[in-house]
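# A look at the structure
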Amino acid sequence: MCGIVAYLGDKQAYPILIKGLHRLEYRGYDSSGIAIINGNLNLYKRKGKVEELEKFVKGKDVSGTIGIAHTRWATHGEPNDENAHPHFSQNKELSIIHNGIIENYNSLKEELITRGHVFNSDTDTEVLIHLIEDVQENENLDLAESVRVALNQVVGAYAIVVISKNDNNTLIAAKKGSPLVIGSGDGEFLIASDATPIVEYTRKVVYLEDEEMAILERGKEIVLKSISNIKHTPYFQELTMNLDVLEKGGYEHFMLKEIFEQPHSIRESMRGRLRLGQGIISLGGITEYKQKLMNAKRIIMIACGTSWHAGLVGEYLFEELTRIPVEVEYASEFRYRKPVINEDDVVIAISQSGETADTLAAIKMAKEKGATILGICNVVGSSIPRETHAGSYTHAGPEIGVASTKAFTSQVTLLTMMALMIAHDKGTITNSRHQQIINALNDIPEQIEDVLKTTDAITKDIAAKFKDSRNFLYLGRGYNFPVALEGALKLKEISYIHAEGYPAAEMKHGPIALIDEEMPVVVIAPKKGNYDKVVSNIQEVKARKGKIIALVSKGDTEVRAVADYVIEIPDVEEMLVPLVATIPLQLLSYYIAVMRNCNVDQPRNLAKSVTVE
Ligand code: F6R
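Below: a short report on this structure.

Calculation rules
- Residues numbered from 1 in each chain as written.
- Predicted model: local features only at pLDDT ≥ 70, side-chain atom pairs only at ≥ 80, totals over all residues.
- Heavy atoms only, no water.
- Near = heavy atom within 4 Å.
- Polar contact = N/O pair within 3.5 Å; in protein donor to acceptor, adjacent residues only side chain to side chain.
- Areas by Shrake-Rupley, 256 points an atom, 1.4 Å probe, with all protein chains shown as cover.
- Helix = DSSP H or I, 4+ residues; strand = E, 2+ residues; numbered from the N terminus.
- Nonpolar A, V, L, I, M, F, W, Y, C, P; charged D, E, K, R; others polar.
- Domains from an automatic or database assignment.
- Pairing = 2+ DSSP bridges.
- Right-handed = clockwise from strand over helix to strand, strands pointing away.
- Contact = heavy atoms within 4.5 Å.
- Axes fitted to C-alpha atoms, helices over the stretch in contact; angles between N-to-C directions.

Before going further, it helps to spend a moment on the site of the ligand. S307, S351, S353, T356 and E493 are the nearest of the 15 residues found near the ligand. One of the side-chain N or O atoms of S307 is found 2.6 Å from an oxygen atom in the ligand. About the coverage of the ligand: the protein hides 90% of its 400 Å² of free accessible area. Those elements that provide at least two residues to the shell around the ligand are α9 (305-322) and α15 (480-495). Here the residues of the shell around the ligand sort into 5 nonpolar, 8 polar and 2 charged. A domain-level breakdown of the shell around the ligand finds at least three residues from each of domain 2 (248-429) and domain 3 (451-603).

This part covers the side chain of E188. Locating E188 in the fold gives a position in the loop between β9 (181-184) and β10 (189-192). Of the polar contacts made by the side chain of E188, one reaches the side chain of Y7; its length is 2.4 Å.

So, on to the pairing of strand β24 (residues 498-503). In this structure, strand β23 (residues 471-476) lies alongside β24, joined through 6 bridges in parallel fashion. Residue N471 lies in a different strand from β24, and its bridge partner there is H498. A crossover links β23 with its parallel partner β24, the connecting element being α15, and its sense is right-handed.

Take the sheet that holds strand β15 (residues 237-238) next. Where strands meet in a sheet, backbone hydrogen bonds hold them as pairs that are either parallel or antiparallel. Strand order in the open sheet made by the 8 strands is β3-β2-β4-β1-β10-β9-β11-β15, with antiparallel pairing throughout. A strand with exactly one partner marks an edge of an open sheet, and here the two such strands are β3 (40-47) and β15. In terms of strand pairing, strand β1 (residues 3-8) meets strand β4 (residues 66-72) through 6 bridges, oriented antiparallel. If you follow Y7 over to β4, its bridge partner there is G67. Helix-sheet contacts for helix α2 (residues 50-57) involve β2 (31-38) and β3, and the interaxial angle to β3 is about 130°.

The subject of this paragraph is the sheet that holds strand β18 (residues 298-303). Spatial strand order, β19-β18-β20-β21-β22: 5 strands in an open sheet with parallel pairing. Every other strand in the sheet has two partners, leaving β19 (326-330) and β22 (390-393) as the edge strands with one partner each. In this sheet, adjacent strand axes meet at a mean angle of 20° when their direction is disregarded. Looking at chain direction, strand β20 (residues 345-351) and strand β21 (residues 372-377) are connected through 6 bridges and run parallel. Each bridged residue has a counterpart across the sheet, and for I348 the counterpart in β21 is L374. Strand contacts of helix α13 (residues 406-426): β18, β20, β21 and β22, with the helix running at about 155° to β20, the strand carrying the most contacts.

Laid out in structure tokens, this is it:
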């Protein structure tokens, strides 16, 4: 949460910073701001989106070749102009941008107030820059040392960049808990919360480690040190990101683009791993820990939100294929509820961003207790992959729309491959069945292409009929229970319509009381497993005049006879249905949100990467 971007070089900083803020706006859009040095330290900030800031600075002096910029997701203090970043120090000579939470800001603030400091915002960030200045003045240190000494007094998480009006040649950055990546170009440096603002200027990057700081000076090499003052050698990496993925490519929204990208993103998740000819699945990233996974007494999936739904699909997959017991935990609950964790447990942490604070903390806790931790993440170089013992990237490509779409189907693809690989090696599946599922999985991208073609228009029609509904119910059984949860989450987060997902059979234990002629009920009802039971659940809804929107297998007649609307999906292996059934539900939510004039890519109150508890 919160996006940070900074520039130092020979180009004008403002256009680079603004473009960077647009790229990072998915991380928060409560307010944004910019500070650029050009003799003066010119600082402008505004409540609202980056475009509000752009309007505000029109005609003002934004010249200069060094600057910092920030887009905020509010934690301390409401989203207003005062609380927007950057923040000034007391004498307005220093300025800071910050992502994270300074937990002891209150006690630091009280102490600074006794020394005459006056604060203009409610933020923890302003306290930090006052503290840095206080250290600088009292201990007569240079900027980098002042930052270092101040950070040693801080409890909490931070990714910061600090500049000084009196030094237009230096950026100081540091991180703990929140991500920060530094790009090193030809005579220029960029710093950002992720690589997206950097990639078009340079592909050479360094990811800062926790409690590490960087001193970037014009014309000099990067200097890295720990906040305990030990010098580090920078480890440069090459960005492989393709620039096209950062643009909408003709789609109205990133979310729609990402929904339509799924055949490609799933192929990317499988590339080089699903080897059809050899009949094997090879996940290089976890080879070293494969035996551990095969011998696991228990697998614990930890994740939040949509990634947690992927974990639930993973539970069905692993238990059916590998016969290893699986628990799926909300990271936020798991980390605080004194769970029993043993050394022969394998934890699989699932996260698109790789930065989710609760998931990260749950990993650390389970690791301390001796469990093996594997990660399934999308963002390369993010914090979670660096905290796990091993893992596999989903390779879905950057997901910019705040509502997760392609990341989910790639996570499910990865979990399917992982479970198949372990089942094969453990012998809990026959060779022929293994080959059969591999073949079926390999066909999924093409089948999704088909689903996208055939369900786009119908989901739009259904959206038009139900866009004004106040509530929705989503029902599914077995593998499709998590799909129902995910469908409901997608709808509520982007259209602000209340929606609940339930295991279909649970409906009669309470939610059935909600059903009347106003209630749309989306039922995932492929002709698989518990089909007959799902048909009975549909009848129960119909008997109470609920409106049924059913996802059915191609050619289905039985549900069609009772449903108000049907959406056909291809007839695939039962365990692969989530991959195809999710697509029309994403489209349905998307079109409803668009018809309600909602901001699809940046829904209210949300941010893409949840780096606070
Ligand atoms: C929903 C959504 C969130 C995330 C959740 C976890 O569309 O995007 O529910 O799934 O915040 O985020 P990651 O996967 O980045 O750990």
